[in-house]
Amino acid sequence: MLIRRLARPMLASIFIMGGIGALKDTPNHAKGAAPLLEKATGPVRHVLPEQVPTDPETLVRIDAAVKIGAGALLALGKFPRMASLLLAGSIVPTTLAAHRFWEEHDPQLRSEQQIHFLKNLGLLGGVLLAAVDTGGKPSVGYRARKSARIAKKTAKKTGAKNAKKTGAKKK
């Protein structure tokens, strides 16, 4: 549908640009992410496998790569549901790290951060809608239920035919 072909790149554009911006200015993004990262990983850091990155700059680079890669996939309409889920997972920590309006004391800064927080909340809603958009095709759940009903009917018919052949009575 034409709307999907237009809307997906529009939605993806902010993620792609945000990812590029994070790669260009990784140290400043890492400074913003560090307090949230410390709260999230501090209590469990000693039990995390050593392969799990906990360095803020590394995590900012990973997040930027997810935003650019998943954003590009969404814009191109390739694996749009998976790309949308990745973007949804990426925007939550970004929003919590960068737009903590409740911690601002200056009313002007508080208002600006609240606007950015709500903007990101709206983007989260958009990518969640994109994640469940089946493009007019039946969902996996619907197809699974339909296949189960067909299999059940086929099994009943096959069982009835076998019962006739063997002379067994149907219960």
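Summary of the structure given here. (Residues numbered from 1 in each chain as written. Predicted model: local features only at pLDDT ≥ 70, side-chain atom pairs only at ≥ 80, totals over all residues. Heavy atoms only, no water.)

Glancing now at unusual backbone geometry. Of note in this structure, Phe-79 is not a glycine but carries a positive phi near 50°. In this fold, Phe-79 is placed in the loop between helix H3 (56-76) and helix H4 (80-98). Residue classification places Phe-79 among the exposed positions, given a relative accessible area of 63%. (Helix = DSSP H or I, 4+ residues; strand = E, 2+ residues; numbered from the N terminus. Buried < 20%, exposed > 50% of the residue type's maximum accessible area, 1.4 Å probe, protein only.)

In an α-helix, one turn spans 3.6 residues, which is why side chains three or four residues apart end up on the same side. Along its 26 residues, helix H5 (residues 107-132) runs 37 Å from first to last C-alpha, staying within 8% of the 38 Å computed at 1.5 Å per residue. Listing the buried residues of H5 in full gives Gln-113, Phe-117, Asn-120, Leu-123, Leu-124, Val-127, Ala-130 and Ala-131. Those residues of H5 that are buried lie in contact with helix H1 (2-24) and H4. (Expected span 1.5 Å × (residues − 1). Contact = heavy atoms within 4.5 Å.)

Further remarks concern the nonpolar core. One finds Leu-11, Phe-15, Leu-74, Leu-87 and Val-127 to be the most contacted residues of the largest nonpolar core, which totals 13 residues. Elements supplying a minimum of two residues to this core: H1, H3, H4 and H5. Formed by 5 residues, the second largest nonpolar core is a distinct cluster that contains Ala-22, Ala-33, Val-60 and Ala-64. (Core = buried A, V, L, I, M, F, W, Y, C linked by side-chain atoms within 4.5 Å.)

Another point: a nonpolar patch on the surface. Taken together, the side chains of Met-1, Leu-2, Ile-3, Leu-6 and Met-10 make up a nonpolar region of the molecular surface, amounting to roughly 600 Å² of accessible area. By the secondary structure assignment, Leu-6 is in helix H1. Overall, Leu-6 belongs to the partly exposed group, its relative accessible area being 46%. (Patch = residues over 30% accessible without salt bridge, like charges linked within 9 Å, V, L, I, M, F, W, Y side chains within 5 Å. Areas by Shrake-Rupley, 256 points an atom, 1.4 Å probe, with all protein chains shown as cover. Salt bridge = Lys/Arg side-chain N within 4 Å of Asp/Glu carboxyl O.)

Looking at the secondary structure, you find His-105 in the loop between H4 and H5. Once the C-alpha coordinates of His-105 and Asn-120 are considered, the two residues, 15 residues apart in sequence, prove to be 21 Å apart.

Here we take up the packing of aromatic side chains. Tallied over the entire structure, the rule returns 3 aromatic pairs. Seen in terms of ring centroids, Phe-101 and Trp-102 are 5.1 Å apart; in terms of plane orientation they differ by 80°. Their pairing is edge-to-face. Residue Phe-101 is classed as buried on the basis of its relative accessible area of 15%. For Trp-102, a relative accessible area of 41% puts it in the partly exposed group. Relative to Phe-117, the ring of Phe-101 has its centre 5.3 Å away and its plane inclined at 70°; by these criteria the two rings are edge-to-face. (Phe/Tyr/Trp six-rings, centres within 6.5 Å; stacked < 30°, edge-to-face > 60°.)

On the secondary structure map, Ala-72 appears in helix H3. Counting along the chain gives 10 residues from Ala-72 to Ile-62, while the straight-line C-alpha distance between them is 15 Å.

You can see Thr-95 is positioned in helix H4. Taking relative accessible area as the criterion, Thr-95 reaches 8% and is therefore assigned buried. Once residues lying within four places of it in the same chain are set aside, the contact partners of Thr-95 are Arg-100, Phe-117 and Asn-120.

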